[in-house]
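# Results of the structural survey
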Amino acid sequence: MHCLSSCVGSVLSVLRVFVVHAVVVTLSALAVRVFFASEGLYPNFLNPTTGSWGSKHISVGALGDSFYEYLLKMWVYHGGRNNLGIDVDRIGRTAFDDAMDAVDKHVVKKSNSGHTYLCDMKNKRPIHKMGHLACFAGGMFALGAKGAPQNRSARYMALAAEITDTCHESYKRTRAKLGPEVMHFTASSELTSPKKTERYYILRPETIEAYFYMWRLTKDQKYRDWAWEAAQAIEDHCRCGKDGYCGLKDVSAATLEKDDVQQSFFLAETLKYLYLIFCDDDVLSLDLWVLNTEAHPLPIQNFRYTKPADNPAAAADKK
């Protein structure tokens, strides 16, 4: 684990990684123990005092998204995607695949018109809506296809394509050609929300993030085309003044009204993913870099994983 210290310049970070891995092991065990209550998924809330799960709210979108993303990306960071078969961070990779198996069984749904979406769950009951934040999952599944269990790789790519298509369709159907914050999937509403308060767009990156991974990993031209459509829509409807961009209060309104706020993730993520889609693949190559949940690039390490059960003090001696 000493290579992490060389990346961030602090041996304390090495020790923290051991703690994080121990927590993941504990969470995996907790997920098994609450299987009946949560269908094998991880609830969004954990009591920091007792270590027990809180309310049985399950989401691959808001509150839960980065957890699943980092199970996979720590494995990528440690070199697992580049060196299939070596023992690197199997805790994260195995926990990710187990969680995605549960997601596929209980969270992946089909709308009446055949669109694939990721519902939330509360107390084992599905809530048939999907937030814009969950659109990142198209990219997550695509990135996770390599190194997945043999019977899951093709399924991951299929889910990646279907979820990304759903998010693109939500953009396509609005007046602004930009997606709403929340999509409902009911008999009366699909790919949008009946509530004006859920139809805002705040320059979010998740759909464009999915386009980036799908372009890099499939080379299907449509993902570049969709990204360019989004870029044009942002330029047409979200430009604020000479130098800034801001969100929209209702992407389906007859008159589009801006919210006069430029979110920090617009620069850190949305524009970065748009830029990378139209760059050559050697610009932040996925074989050399892993992008964290805020799209900050970290250099992929290639080393054999040291189990958390080993003495962390030994790692400290390597500073």
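Residue positions are given per chain, counting from 1 as you read along its sequence in written order. Whole-chain, interface and lining totals are the exception, using all residues; otherwise, since this is a predicted model, local features are given only for residues with pLDDT of at least 70 and side-chain atom pairs are given and counted only at 80 or more. Computation of side-chain values covers all heavy atoms of the structure but excludes hydrogens and water.

## Comments concerning the nonpolar core
Grouped together as the largest cluster of nonpolar side chains are 75 residues, with contacts concentrated most on M100, V103, L118, M130, F141, L178 and I234. Counting residues per element, this core draws most heavily on helix α9 (residues 221-237), at seven residues. Not counting residues up to four positions away in its chain, the partners in contact with L118 are V60, V103, V107, V108, K129, M130, A134, A137 and I163. The definition of a nonpolar core used throughout is a set of buried Ala, Val, Leu, Ile, Met, Phe, Trp, Tyr and Cys residues joined through side-chain atoms within 4.5 Å. Under the scheme applied here, a residue whose accessible area is under 20% of the maximum for its type counts as buried, over 50% as exposed, and between as partly exposed, the area being computed with a 1.4 Å probe on protein chains only. Strands here are runs of E lasting at least two residues and helices are runs of H or I lasting at least four, both read from the DSSP assignment and numbered beginning at the N terminus. Contacts are assigned to residue pairs that have any heavy atoms within 4.5 Å of one another.

## Side note on the sheet that holds strand β1 (residues 57-58)
Read across the sheet, three strands follow the order β1-β4-β5 without closing on themselves; strand pairing throughout is antiparallel. Sheet topology places β1 and β5 (125-127) at the edges, where each strand pairs with a single neighbour. Any two strands between which DSSP finds at least two bridges are classified as paired. Note: strand β4 (residues 120-122) against β5, three bridges, orientation antiparallel. The residue bridging M121 from the neighbouring strand is P126, located in β5.

## Observations concerning the environment of E206
Turning to its location among the elements, E206 is positioned in helix α8 (residues 206-218). The exposure class assigned to E206 is buried, which follows from its relative accessible area of 8%. Taking C-alpha positions, E206 is 9.7 Å from T164, a pair spaced 42 residues apart along the chain. Other than its neighbours up to four places away in sequence, E206 contacts H132, L133, C135 and F136.

## Notes on the packing of α8 against helix α10 (residues 264-277)
Following both chains from N to C, one finds α8 and α10 inclined at 25°, their axes separated by 9 Å at the closest point. The orientation of α8 relative to α10 falls into the category roughly parallel. Crossing angle aside, the handedness with which α8 passes α10 is left-handed. Contact with α8, carried on its side by I208, E209, Y211, F212, Y213, W215 and R216, involves T270, Y273, L274, L276 and I277 of α10 and no other residues of that element. Residue composition of the contact of α8 with α10, grouped by class: nine nonpolar, one polar and two charged. An axis is simply a line fitted to the C-alpha atoms; with a helix, the fit covers only the stretch in contact. Between two such axes, the angle follows the N-to-C directions and lies from 0 to 180 degrees. Every angle not falling under 35 degrees, over 145, or within 65 to 115 is termed oblique; those three ranges are roughly parallel, roughly antiparallel and roughly perpendicular. The hand of a helix crossing depends on one turn: near helix anticlockwise from the far one by less than a right angle means left-handed, and clockwise means right-handed. Residue classes follow a fixed rule: Ala, Val, Leu, Ile, Met, Phe, Trp, Tyr, Cys and Pro count as nonpolar, while Asp, Glu, Lys and Arg count as charged, and any other residue, Gly among them, counts as polar.

## Quick notes on the confidence of the model for the chain
The predicted coordinates should not be examined in detail at positions where pLDDT is low. Values of pLDDT, which run from 0 to 100, indicate the predictor's confidence residue by residue. For the chain, mean pLDDT is 86; residues scoring 70 or higher make up 81% of the total. Segment residues 32-37: pLDDT under 50, and six contacts once partners within four positions in sequence are set aside and those in other chains are kept. Low pLDDT, under 50, characterises residues 304-319; the stretch is placed with 26 contacts to residues that sit more than four places away or in other chains.

## Considerations on the state of the cysteines
Cysteine sulfur atoms that pair up within 2.5 Å are treated as a disulfide. Summed over all chains, the structure comprises two disulfides. Each bonded cysteine of the chain gets a number by its place in the sequence, and the pairs then read 1-2, 3-4.

## What about α9?
Three- or four-residue spacings in an α-helix give side chains the same orientation, since the helix completes a turn every 3.6 residues. Counted at 1.5 Å a residue, the expected span for α9 with its 17 residues is 24 Å, and the 25 Å between its end C-alpha atoms agrees. Contacts made by the buried residues of α9 are with α7 (153-172), α8, β9 (239-240), β10 (244-245) and α10. One less than the residue count of a helix, multiplied by 1.5 Å, gives the span that helix is expected to have.

## Let's talk about the sheet that holds strand β8 (residues 190-192)
Strand order across the open sheet formed by three strands is β6-β7-β8, with antiparallel pairing between neighbours. Of all the strands in the sheet, just β6 (129-131) and β8 have a single pairing partner and so form its edges. Taken over all neighbouring pairs, the strand axes of this sheet differ in orientation by 15° on average, direction set aside. Sheet topology places β6 next to strand β7 (residues 182-185); three bridges connect them, and they run antiparallel.

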